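# Structural description and commentary
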Amino acid sequence: MKVVPLGAGQDVGRSCVLVTLGGKTIMFDCGMHMGYNDERRFPDFNYITTEGDFTSRIDAVVITHFHLDHCGALPHFTEQRGYHGPIYMTPPTKAICPILLEDFRKVAIERKGETGFFTSQHIKDCMKKVVPLHLHETVWVDDELELRAYYAGHVLGAAMVYARCGNESVVYTGDYNMTPDRHLGAAWIDKVRPDVLITETTYGTTIRDSKRSRERDFLEKVHRCVLRGGKVLIPCFALGRAQELCILIDSYWERMGLTVPVYFSAGLTEKANRYYKLFINWTNQKVKESFVNRNPFDFKYIKPWSRDYVDLPGPMVVFATPGMLHIGMSLEVFRKWAPDERNMLIMPGYCVAGTVGAKVLSGMKVVEIDQYSQVQVNIDVQNLSFSAHADAKGIMELIRQASPRNVVLVHGEKSRMSYLKSKIMGEFGCPCYDPANGELLEIETGQDVRALMSDQLFQAAWAKEQERRQKSAVPSEDSVVPAATPITQLPVRGVLLLGDGKRPARLLDPSEFDLDDIPVVSASGIEADDRSDSIVAADTEELTPSASDQVVFSTRRIFDGAELAERMGLSSSVDVAAAALLAIRELLLIDPATQPKDVDEISDKRASVVRVGRSIELSVPAKTAECELPSLYVSWAWEEEELATQVLVVINRVLG
């Protein structure tokens, strides 16, 4: 599997990750960077192709949610760069995304005078390509590639996406929140066991305190500021944290009987109500239940904002967009209120490097607003994290839920990724990567063998596990009886009969199959011509239901002889298979655990059989009419399966 971040690699913003699995390529998210106003704002699409033929190279684009750092470059990619393939997103994202794109377009063109930006028609044409992706619904892009969405919390309509093609699978999280809040639930996912999990790490080194203490701290600071006559500016995005904090402020104002005016950017509250009512099933249970009697987003104490109010005397609280102070109403209000030390700025979320919000949080006392103006920062700056991103604890919990084989970290600062990377590898024992933008990551994926387990084998394994639990649960005189836990994993030891294309593979108890119908091999002295790549059997004299450790597995490893000969620098007259076996033997000698016990016919740099341990054999079979390519046979007994795995790793290193 190949993974390439075009954005959000060791960085926050401009999320865009290319994943190639099973021969299909998916673009996960297509965002813009809020810290740039030039060509660096968009992902480097030239990495895909410089010829503009994106549709033939990208099989699908998946947008996880409506934030601009995840969808802001979409009209540019589809209408200006020429991608005409399918785009997948949830219905709430499809509804809200064009509104935020149009708001940003107006600011960029009408207020900043930028040229070459996408137009309103571009946004409409882009949205026509969107295919709805509902929660838990499996959508087939074509005959091979499937997508499935899981609830991500974070904002209305946010989703994590599971993609599978052939034997390879990936989960891309986008932004998610593992903690429920006042209007959204917590993210969750099935134990899908993907080959790769690509997760955000915005707060990868943070363990947040309790939500209740954060809310109390927020309300106390706001109340203290308005009591001294100051104004409170709370920059936030139109949908998401805005609703969360408005619910909090509205209930507090009612409880305390406060009359200080609270404002929200004009028009946004109305739009929010419309979409939260339309997609009420995406909110948490408390909101769904209260919605029957009263719309919890019809705020009693929060009124629409007007630009004329910015110079009014007296205390007030203003929610203004956007959340990073890089453009828009929040930046206009900040410019007016920043010099007054009685006022307060509360930053409830993450700010991308380069934005005014990030500069203010870093402690700068003079901030450059644009190339023509700067402002003195005397305002009381508070950073209270109400961000809807998962913290370190939440990220680890999601990995535990999904149970991936590999983890890729994106959407975070490199320093935070390094800490989290070591923590993930230490706790879960799986490889973890943090590629930079434009860095190609190639991940080897294993192939699962799906088999039907017989009732007899399952019942025997179940009874053995229950017996083991009963013995371990017997308390001593002064110990406490442990609480019963469900059986979620069951070790099974049986015989695997591989399928032939018409019949599926089967996992049986050794006493269940007829030995006369199956080719038999023993742990030693096996003739190469008698072997088969799907043989799973044992010595007939020793095989009994109680002696399943005598079952011997064998496999045939076919390889490209010409490519290996070129890599090893062999002449055309050399037997490539024998030379490969000799090279494998030399590598096995390095590790004491895999040192060969004996080698047959080592002369003239040739080896026909190499033995490791008590039962593992490597040999060079004779070429047959069915297969003239060079190959190696490997066989091992069940009891040495772990050692055989080490040997197979060495074989793969040599044969490629």
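Structural data are supplied above this passage.
Residues numbered from 1 in each chain as written. Predicted model: local features only at pLDDT ≥ 70, side-chain atom pairs only at ≥ 80, totals over all residues. Heavy atoms only, no water.

Helix and strand content of the protein: 16 helices and 31 strands. Here the protein, with 656 residues, has 52% of them falling under the buried criterion. Long-range pairs, those at least 24 residues apart, make up 70% of the contacts in the protein between residues at least 6 apart in sequence. Carbon and sulfur atoms make up 49% of the accessible area of the protein, which totals about 30,700 Å². (Helix = DSSP H or I, 4+ residues; strand = E, 2+ residues; numbered from the N terminus. Buried < 20%, exposed > 50% of the residue type's maximum accessible area, 1.4 Å probe, protein only. Contact = heavy atoms within 4.5 Å. Areas by Shrake-Rupley, 256 points an atom, 1.4 Å probe, with all protein chains shown as cover.)

Moving on, we come to the environment of Glu254. Its place among the elements puts Glu254 in helix 6 (residues 241-256). Glu254 sits 47 residues away from Tyr301 along the chain, and the two C-alpha atoms are 7.8 Å apart. The residues contacting Glu254, other than those within four sequence positions of it, are Lys300 and Tyr301.

With mixed pairing, the three strands of this open sheet are ordered in space as 23-25-24. Of all the strands in the sheet, the pair left with one neighbour each is strand 23 (451-453) and strand 24 (495-497). If you compare each strand with its neighbour and ignore which way they point, the axes differ by 25° on average. (Pairing = 2+ DSSP bridges. Axes fitted to C-alpha atoms, helices over the stretch in contact; angles between N-to-C directions.)

This next bit is on the sheet that holds strand 2 (residues 16-21). Ordered by their spatial adjacency, seven strands build an open sheet running 6-5-4-3-2-1-22, and the pairing between neighbours is mixed. Each of the sheet's edge strands pairs with one partner strand only, and the pair in question is strand 6 (130-132) and strand 22 (441-442). In this sheet, strand 3 (residues 24-28) lies alongside strand 2 in antiparallel orientation, the contact comprising five bridges. When the bridges of strand 3 are listed, Val19 appears paired with Ile26.

A word on helix 15 (residues 576-588). Because an α-helix packs 3.6 residues into every turn, residues spaced three or four apart end up facing the same way. In this model helix 15 runs 18 Å from its N-terminal to its C-terminal C-alpha over 13 residues, within 8% of the 18 Å that 1.5 Å per residue would give. Helix 15 sits mainly inside the fold: 10 of its 13 residues count as buried. Within helix 15, the full set of buried residues consists of Val576, Ala577, Ala578, Ala579, Ala580, Leu581, Leu582, Ile584, Arg585 and Leu588. Capping the start of helix 15, Asp575 holds a side-chain oxygen 3.1 Å from the backbone nitrogen of Ala577, two or three residues further along. (Expected span 1.5 Å × (residues − 1). Polar contact = N/O pair within 3.5 Å; in protein donor to acceptor, adjacent residues only side chain to side chain.)

The subject of this paragraph is the packing of aromatic side chains. Tallied over the entire structure, the rule returns 15 aromatic pairs. Considering the side-chain rings of Phe264 and Phe319, the 5.9 Å spacing of their centres and the 40° angle between planes classify their relative orientation as tilted. Here Phe264 is found in strand 13 (residues 262-265), whereas its partner Phe319 is found in strand 15 (residues 316-320), with 55 residues between them in sequence. Judged by its relative accessible area of 0%, Phe319 falls in the buried class. Arranged with centres 5.8 Å apart and planes meeting at 35°, the rings of Phe458 and Trp462 form a pair that is tilted. Separated by four residues within a single helix, Phe458 and Trp462 lie in helix 13 (residues 455-473), roughly one turn from each other. Residue Trp462 is classed as partly exposed on the basis of its relative accessible area of 32%. An aromatic cluster of three or more residues is present, and its members are Phe45, Phe54, Phe77 and Tyr83. (Phe/Tyr/Trp six-rings, centres within 6.5 Å; stacked < 30°, edge-to-face > 60°.)

Time to look at the nonpolar core. Of all hydrophobic cores here, the largest spans 133 residues; its most connected members are Met27, Phe45, Phe218, Phe319 and Phe334. Among the elements that make up this core, the one with the highest residue count is helix 6 (eight residues). The next biggest cluster of nonpolar side chains, apart from the first, holds 29 residues, and it includes Val576, Ala580, Val610 and Leu632. (Core = buried A, V, L, I, M, F, W, Y, C linked by side-chain atoms within 4.5 Å.)

A separate point is the pattern of salt bridges. Scanning the model with the defined rule gives 25 salt bridges in all. One salt bridge connects Glu215 with Arg182, and the closest N-O pair in it is separated by 3.0 Å. Of this pair, Glu215 sits in helix 5 (residues 211-227) while Arg182 sits in the loop between strand 10 (168-172) and strand 11 (196-200), placing them 33 residues apart in sequence. For Glu215, a relative accessible area of 7% translates into the label buried. Overall, Arg182 belongs to the partly exposed group, its relative accessible area being 29%. A salt bridge links Lys414 to Asp434, with the nearest nitrogen and oxygen atoms 3.8 Å apart. (Salt bridge = Lys/Arg side-chain N within 4 Å of Asp/Glu carboxyl O.)

Moving on, we get to a nonpolar patch on the surface. A cluster of nonpolar side chains, namely Met453, Phe458 and Trp462, defines an oily patch on the protein surface of about 260 Å² accessible area. Residue position: Met453 is located in strand 23. Since its relative accessible area comes to 36%, Met453 is described here as partly exposed. (Patch = residues over 30% accessible without salt bridge, like charges linked within 9 Å, V, L, I, M, F, W, Y side chains within 5 Å.)

What follows concerns the pairing of strand 9 (residues 159-165). A large share of strand 9 lies buried, amounting to seven of its seven residues. Taking every second residue as pointing to the same face, both faces of strand 9 are buried, with Ala159, Val161, Ala163 and Cys165 on one and Met160, Tyr162 and Arg164 on the other. With seven bridges connecting them, strand 8 (residues 145-151) and strand 9 associate as antiparallel partners. Note that in strand 9 the partner of Tyr150 across the bridge is Met160. Counting the residues in the hairpin turn of strand 9 and strand 10 gives two residues, including Gly166, whose phi is positive at 65°.

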